[in-house]
Amino acid sequence: MNNSPFPYYDENIYDKYFDGNPIPMNELSPQAHILTSRGCPFKCIFCVWPATMTGNDPDGENKRTVRQYSADYIKGFLDKLTTDYKFEAIYFDDDTFNIGNKHTVEISKVAGRYNIPWFAMCRADTCKKENWKIMRDNGCKGVKIGIESGSQYVVDKIVNKHLDLNYTNQLVDHLRSLNMSVHGTFTYGLPGETKEQMLETKEFIKRTNKFLKNPKSNNFKFLIPISIICIPAFISTFFGISTLITKFFLSQKKIITSVILFSLVFSIIEYVRGIV
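In this text, all values refer to a predicted model and were calculated from it rather than measured experimentally. Sequence order as written defines the numbering, with residues in each chain counted from 1. Owing to the predicted nature of the model, reporting of local features is limited to residues with pLDDT of at least 70; listing and counting of side-chain atom pairs is limited to 80 or more, with chain, interface and lining totals taken over all residues. Each side-chain value is derived from all of the structure's non-hydrogen atoms; neither hydrogens nor water enter the calculation.

A. Examining the nonpolar core more closely. Grouped together as the largest cluster of nonpolar side chains are 44 residues, with contacts concentrated most on Ile-34, Leu-81, Phe-92, Trp-118, Trp-132 and Val-143. If you tally residues by element for this core, the top one is helix α2 (residues 71-84), at six residues. When residues no more than four places from it in sequence are discounted, the contact partners of Ile-34 are Tyr-9, Phe-77, Leu-78, Leu-81, Ile-90, Tyr-91, Phe-92, Asp-93 and Asp-94. Core analysis: the next-biggest nonpolar cluster, separate from the first, contains six residues, Ala-89, Tyr-91, Phe-119 and Met-121 among them. As used here, the term nonpolar core means buried Ala, Val, Leu, Ile, Met, Phe, Trp, Tyr and Cys residues forming a set that is joined through side-chain atoms within 4.5 Å. The buried label applies to any residue whose accessible area, calculated with a 1.4 Å probe on protein chains only, is under 20% of its type's maximum; exposed applies above 50%, and partly exposed to all values in between. Runs of E in the DSSP output that reach at least two residues are strands. Runs of H or I that reach at least four are helices, and both are numbered from the N terminus. By definition, residues are in contact when any of their heavy atoms lie within 4.5 Å.

Encoded structure:
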């Protein structure tokens, strides 16, 4: 990988990539979304990337590996990006940026040379606690952390993530003490998950936010998994008009609008049921 050319950036669209989390990335544009590694060793049931994109392990039966770019490669890449383009933020969108202490520290120190705020997709338990401060000292303003559920049973037995929620809660407090923002991600509606377990997620978020002095330093959200393919199928089935798919769902704008409306209705229903 370290002998490969740097990814191509089209001058007409390079500044169109945007992610509003973790904050304050929502206030920074344009953003450089890059990878410092490929692959992930974990086998969370909802994640398609290591199963199909980087691991060729769709059934989760084989060992999954991680390949990490060297610090020299990332330095050369960032040299080019900061010279040719005027990025206001860097987002390391690895499956898990902070796998291993050596990689985490080396890439953090490289990123710290450019005086540009940066952010990363991380896991709570894959590096030493002191490395988060090294990240902060080198310009990291916030991280995303996949927590998935407030139920330890769901995290271990359904998601197959095996993440200690008590430790994660303590880590979130530690990151706040470093003045880093935290965007936690959760999922409702996993196979076999009960309503009571969904409510545990809601309570976990409440507990984590209980002593939050600055609401902007924390942003815990959850995802209700709905396949985009189900949206036109649902509407078509409801109205009994198969051609509705081709007549209505033609533009990207209309597809996005339908997803938003469907998700809104679904969320209202779940709110009434007392889950959201």
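B. Just the pattern of salt bridges, in detail. One speaks of a salt bridge when a side-chain nitrogen belonging to Lys or Arg is within 4 Å of a carboxyl oxygen belonging to Asp or Glu. Within the structure shown, the criterion is met by eleven salt bridges. With a closest N to O distance of 3.0 Å, Lys-75 and Asp-79 form a salt bridge. Remark: Asp-79 and Lys-75 occur in helix α2; sequence separation between them is four residues, near one turn of the helix. The exposure class of Asp-79 is partly exposed, given its relative accessible area of 28%. For Arg-136, the salt bridge is made with Asp-137, and the minimal N-O distance between the two is 2.8 Å. Judged by its relative accessible area of 28%, Arg-136 is partly exposed.

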